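The chain contents come next:
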Amino acid sequence: MEALILAGGDNRRLHIIKGLIEIHGKRIIESNIEILKRMFKRVIISTNNPEIYFYTGALIIGDIIKYKGPMTGIFSALSNIAFSDIFVIACDMPFINPKLIRYIIDNWDEKWDAVIPIFDKKPQPLFGIYSKKIAESMERSIKGGRRSLRGFLEEIKVLYITEKEVRNIDPEGKSFVNINTLEDFKKEIGGQICLV
């Protein structure tokens, strides 16, 4: 299994590159790459702006179809013959919990199409495993205009990690926090955004 960091968003609400926000002296994407490298054989970044992330040394893949959104990034990685099943996170998640990642991996079985945690009574599709075998159905969904990841999960075989299981490891659900706005940053981290 490999890890995929989705870094293809337009940053329309924050107007800066979210993965490059510095928290506790390190950029979010750098901290997450360090964590993921200890757990996966390879870390891949999905982006259509590769020049931003070359410095990380991670393998980079761009979208192979024109539609934007996280499903396209996941589909592009799953369609690449060099990649296997993938564990997905977003580039703006500063508090990913390695123990929760490990728990999700330990529950993986190839009979499933995905393994996704539940938090706040909702699936968290940007923190879970996707099987390579769903690439074709994901492509059909994207091209058919059904680009919601949560909607797509209803069409495939998903093992859901229950909220109780999640809270036993990550009580506040910090793994699922993402920084979409300045208000998010102030609420979760405090202070000023620093880009280095």
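Right above here is the structure, for reference.
Everything quoted here is computed from the prediction, not taken from an experiment.

Conventions adopted
- Residues numbered from 1 in each chain as written.
- Predicted model: local features only at pLDDT ≥ 70, side-chain atom pairs only at ≥ 80, totals over all residues.
- Heavy atoms only, no water.
- Buried < 20%, exposed > 50% of the residue type's maximum accessible area, 1.4 Å probe, protein only.
- Helix = DSSP H or I, 4+ residues; strand = E, 2+ residues; numbered from the N terminus.
- Pairing = 2+ DSSP bridges.
- Axes fitted to C-alpha atoms, helices over the stretch in contact; angles between N-to-C directions.
- Left-handed = near helix turned anticlockwise from the far one by under 90°.
- Contact = heavy atoms within 4.5 Å.
- Nonpolar A, V, L, I, M, F, W, Y, C, P; charged D, E, K, R; others polar.

Novice: I'd like a description of the pairing of strand E7 (residues 114-119), backed by residues and values.
Specialist: Within a regular strand, side chains alternate between the sheet's two faces. Among the six residues of E7, six are classified as buried, and the element is accordingly described as predominantly covered. Alternating residues of E7 divide into Ala114, Ile116 and Ile118 and Val115, Pro117 and Phe119, and every residue in both groups is buried. Relative to strand E9 (residues 127-130), E7 runs antiparallel, the two being bridged by two bridges. Following the sheet pairing, Val115 is matched in E9 by Ile129. Of the pairings in the sheet, the one linking E7 to strand E10 (residues 158-161) comprises four bridges and is parallel in character. Residue Ile116 lies in a different strand from E10, and its bridge partner there is Tyr160. Here E7 pairs with strand E8 (residues 122-123) via two bridges, running antiparallel. Residue Ile118 lies in a different strand from E8, and its bridge partner there is Pro123. Linking E7 back to E8 in an antiparallel pair, the connection comprises two residues, with Asp120 at a positive phi of about 55 degrees.

Novice: Describe the packing of helix H2 (residues 70-79) against helix H4 (residues 135-143), listing the residues and the values that go with them.
Specialist: One can describe the packing of H2 onto H4 by two numbers: an axis separation of 9 Å at closest approach and a directional angle of 145 degrees. In this structure, H2 meets H4 at a crossing whose hand is left-handed. Listed contacts from H4 to Met71, Thr72, Ile74, Phe75, Leu78 and Ser79 of H2 are Ala135, Met138, Glu139, Ser141 and Ile142. Residues belonging to the contact of H2 with H4 are distributed by class as follows: seven nonpolar, three polar and one charged.

Novice: Would you mind going over unusual backbone geometry in detail, with residue names and values included?
Specialist: A negative phi angle characterises most non-glycine residues, just as the trans form characterises most peptide bonds. Notably, Asp120 is not glycine yet its phi reads approximately 55 degrees, a positive angle. Relative to the helices and strands, Asp120 is located in the loop between E7 and E8. The residue Lys121 is not glycine, and still its phi comes out positive at about 65 degrees. Along the chain, the position of Lys121 falls in the loop between E7 and E8. Assessed through its relative accessible area of 79%, Lys121 is described here as exposed.

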